[in-house]
Amino acid sequence: MIGLLVGLFLLIMMPVWRDDARLDDLHERVLAIPLPPQTRSNGDSEAEFSKNDSGNGDYCHYEIRLPLTTGLSAGEIGAYYRKAAIVGVEDPAEVRLEWGEDTEDGRAVVVEFSDLSASDGDIRCA
């Protein structure tokens, strides 16, 4: 009986652990990119894993949010991170910018990196 429970636990948790490792790997790839010129970190990055709520099918959504303060324009910072061509989980990560308030030393921006993968057993994406 205990062996059956352990087997069931492993069956359920192995996809969860795999997807957590995928998110951690994506997060590490994002943090390995040097900051662009005239840019500094504006706090800790965030890594999120969730069910993709848009579209059809069961997909897992991976997202890394990198808060920065920059003196660069939207085009310059967007081009910098798109040129970095971060490898996502299955495809190149999408890059989006979310602009905030101007500060004394630049403008707040959150650079978001995201990717989707088909859910193949992770109960969080079903």
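Engineer: Describe the pattern of salt bridges, listing the residues and the values that go with them.
Structural biologist: Counting across every chain of the model gives eight salt bridges. Each member of the salt-bridge network shares a partner with another, and the members are E63, R65, R96, E98 and E112.

Engineer: So what's going on with the packing of aromatic side chains? Residues and values would help.
Structural biologist: Inspection of every chain in the model, using the stated rule, returns four aromatic pairs. Taking 5.1 Å as the distance between ring centres and 75° as the angle between the ring planes, the aromatic pair formed by F49 and Y62 counts as edge-to-face. Here the residue F49 occupies a position in strand β2 (residues 46-51), and Y62 occupies one in strand β3 (residues 59-70), the gap between them amounting to 13 residues. The exposure classification of F49 matches that of Y62, with both residues buried. Ring plane angle 85° and centroid distance 5.1 Å describe the contact between Y80 and Y81, whose orientation is recorded as edge-to-face. Put simply, the rings of Y80, Y81 and F113 pair up and form one aromatic cluster.

Here is what the cut-offs are and how they apply
Residues numbered from 1 in each chain as written. Predicted model: local features only at pLDDT ≥ 70, side-chain atom pairs only at ≥ 80, totals over all residues. Heavy atoms only, no water. Salt bridge = Lys/Arg side-chain N within 4 Å of Asp/Glu carboxyl O. Phe/Tyr/Trp six-rings, centres within 6.5 Å; stacked < 30°, edge-to-face > 60°. Helix = DSSP H or I, 4+ residues; strand = E, 2+ residues; numbered from the N terminus. Buried < 20%, exposed > 50% of the residue type's maximum accessible area, 1.4 Å probe, protein only.

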